[in-house]
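Read off the chains here:
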Amino acid sequence: MPVHNKVPVAMKYNLSELKKEQRQSTSSALRRLLQLISHERKNLILALLAILVNATLNLLGPYLIGHTIDAYVITKQYHGVLMFSAILFSMYLVILLTSYLQTKLMGSIGQRLLYTLRNALFNKLQQLPLAFFNQNKAGDLISRVNNDTDKLNQFFSQALTQFISSIVTMTGAGIFLLLINFKLGLAALLPAVLILFFTRIVSPWVKSKNAVNLQSVGAMSAEIQESLDNFRVILAFNRRDYFRNRFAASNQLNYNSAIGAGLANQIFLPVYNLFSNLAQLSVLTFGIYLITIGEFTVGLLVSYLAYCVSFYNPLRQLASLWSSFQVAMAGWDRISQILSLETNLNKTEDSIEGALNVLLEFKDVRFAYPNGKEVLHQINFQLVKGKTYALVGPTGGGKTTTASLMARLYDPTEGVVLLHGKDIRSYEAEERTQKIGFILQEPFLFSGTIRENILYGNSIYDVYDGQQLHQLLKDKGLEELLSIFEDGLDTKISTRGEEISLGLKQVIAFIRAVLRAPEILILDEATANIDTVTEQLLEKILKKLPEETTLVIIAHRLNTIENADEIFFVNLGEVIQAGSFQEAVNRLMHGRKIS
């Protein structure tokens, strides 16, 4: 009976498409960001208190100066001038102390935010499936982890203190302006209302310009990363001009977007300056008029002008700070895109019963890559313990896709893959990877020693000393392979440069996989870059694997599948048993579909 076990709709992982769907308001973006640093609440409160004390004392200064002029300077009571001078000096010392405290606290919060964000981003990247990395360029992801997080850090550690202080100072100055003289206060604050409307209208445009600029930085990083990764090919084909032109185009886009973002970021300052100058002119004109009719004093006008400056100077500062804020929010949007994603390879409850004597089974499996046509059509086959299976077929026929579904690098679009009679999605990732080993044509190694690389994913051997590890390799028949390397387990490996060939990398990956002793070992062209002598040595080791180990070999070299117990022909989205070795060869050579 067909199994119509449809998995959830494939999640979209293309970040360039998601940005159009996940636009968030500044307030909602801020709330999400504050949730991320909720553990810093104590330090944030202390920093806020320091800012409030600092701003309050700064606001009291003009009032005390105006009072001193009216009460002591005009009446020539100079002892009062000295007394208030001492009070002002003490206030300025406290202002100095609170300025240092708030800078230190916010700087520390900014650095810890950067640390937390990068950890959160990197951990999230580790959780996302292969489909995510297939749809996004590594250079853009690196730019988000490094560049975009740094934009947030710069705002939090350098600008946020000034940002909050400016808002508090403006609020306090506005209150003093209204309390001293309500009518004059309205005249002074009217330009600020116009500035507020202007800011609300222009801010989304400024943020979008900065988002485009950050995206172009990511695209340029991706071009650099791609050209460096493929530099050997560039040299071989003498196509420096091709990547040079691609980089020039990317750099031009970045230049254009940077110009646009720069102009957008500078639009606030001249407008704020214009309105603040108009406000001070209004205060001076109206204030002199009030003095002439006896409703105001010279000391109050001095204080009033100082408060007007205290209101509009921070507003000028906010012009540049608001631009930094928009850059930070644009960076946060790009970061939160990744943080909001979830893997589509979740553990599910097992609701399918399969044959318990079958190790792995495909039941009515269909598969299509995102935004692509279906590449596997209702596949059914079984693998049992201890046998060697070969997947053969023309390039692009679906061999690697089939193997990837066996290892659950992807989930089928429809149908189910069973492992020991249970839905493979019902296994924890750690349990599944212990049962299934995968050796790729282009293996991944870390910079370090061979010991570190072969112990990756083999944590049970972490406690082994050198002698124990050598004995283990000997027992597994891997000692002869290790002798290929001059310094044995301590041989240094670098992922850069020419220090180790691709063939030797495959040997190390082979040792690593065999040490795991998986129940199913998938070899995807795993001997493609290995010489004949080493290949024979690998075959000898494979024969020493436990009898219950099941091998799945994907190969184009026909000699590697001669000893296969069963051969499957994979082509045009179908996986069909091919019969004997000779029959499989004939079908492969003719590339015709099996009926």
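Caption draft 1: Inspection of the sheet that holds strand E5 (residues 422-423) at higher detail. With respect to topology, four strands assemble into an open sheet ordered E2-E1-E4-E5, the strand pairing being antiparallel. Strands at the two margins of the open sheet, each flanked by one partner only, are strand E2 (374-383) and E5. Strand direction decides the pairing type here: strand E1 (residues 360-368) and strand E4 (residues 414-419), joined by five bridges, are antiparallel. Within the sheet, the bridge partner assigned to glutamate 361 lies in E4 and is leucine 418.

Caption draft 2: Region of interest: the environment of glutamine 126. Positionally, glutamine 126 belongs in helix H4 (residues 78-127). Separated by 217 residues in the primary sequence, glutamine 126 and threonine 343 place their C-alpha atoms 9.9 Å from one another.

Caption draft 3: The arrangement of a nonpolar patch on the surface in detail. Taken together, the side chains of Ile45, Leu46, Leu48, Leu49 and Leu52 present a nonpolar region at the surface, about 420 Å² in accessible area. Within the secondary structure, leucine 46 is located in helix H3 (residues 41-73).

Caption draft 4: Spotlight on the pairing of strand E9 (residues 520-524). With five of five residues buried, E9 lies mostly within the body of the structure. Of the two faces of E9, both are covered, the one formed by Ile520, Ile522 and Asp524 as well as the one formed by Leu521 and Leu523. By the bridge criterion, four bridges tie strand E6 (residues 436-439) to E9 in an arrangement that is parallel. By the bridge assignment, phenylalanine 438 is partnered in E9 with isoleucine 522. Of the pairings in the sheet, the one linking E9 to strand E10 (residues 550-554) comprises five bridges and is parallel in character. Bridge pairing links isoleucine 520 to threonine 550 in E10.

Caption draft 5: Molecular detail of helix H17 (residues 502-516). Here H17 is 15 residues long and its end C-alpha atoms lie 21 Å apart, about the 21 Å a rise of 1.5 Å per residue gives. For H17, a buried count of twelve out of 15 residues is recorded, marking the element as mostly surrounded by other parts of the structure. Within H17, burial applies to Gly503, Gln506, Val507, Ile508, Ala509, Phe510, Ile511, Arg512, Ala513, Val514, Leu515 and Arg516. Alanine 517 occupies a position one or two residues after H17 and carries a positive phi of about 50 degrees.

Criteria and thresholds
Residues numbered from 1 in each chain as written. Predicted model: local features only at pLDDT ≥ 70, side-chain atom pairs only at ≥ 80, totals over all residues. Heavy atoms only, no water. Pairing = 2+ DSSP bridges. Helix = DSSP H or I, 4+ residues; strand = E, 2+ residues; numbered from the N terminus. Patch = residues over 30% accessible without salt bridge, like charges linked within 9 Å, V, L, I, M, F, W, Y side chains within 5 Å. Areas by Shrake-Rupley, 256 points an atom, 1.4 Å probe, with all protein chains shown as cover. Salt bridge = Lys/Arg side-chain N within 4 Å of Asp/Glu carboxyl O. Buried < 20%, exposed > 50% of the residue type's maximum accessible area, 1.4 Å probe, protein only. Expected span 1.5 Å × (residues − 1).

The values are spatial; any link to function lies outside them.
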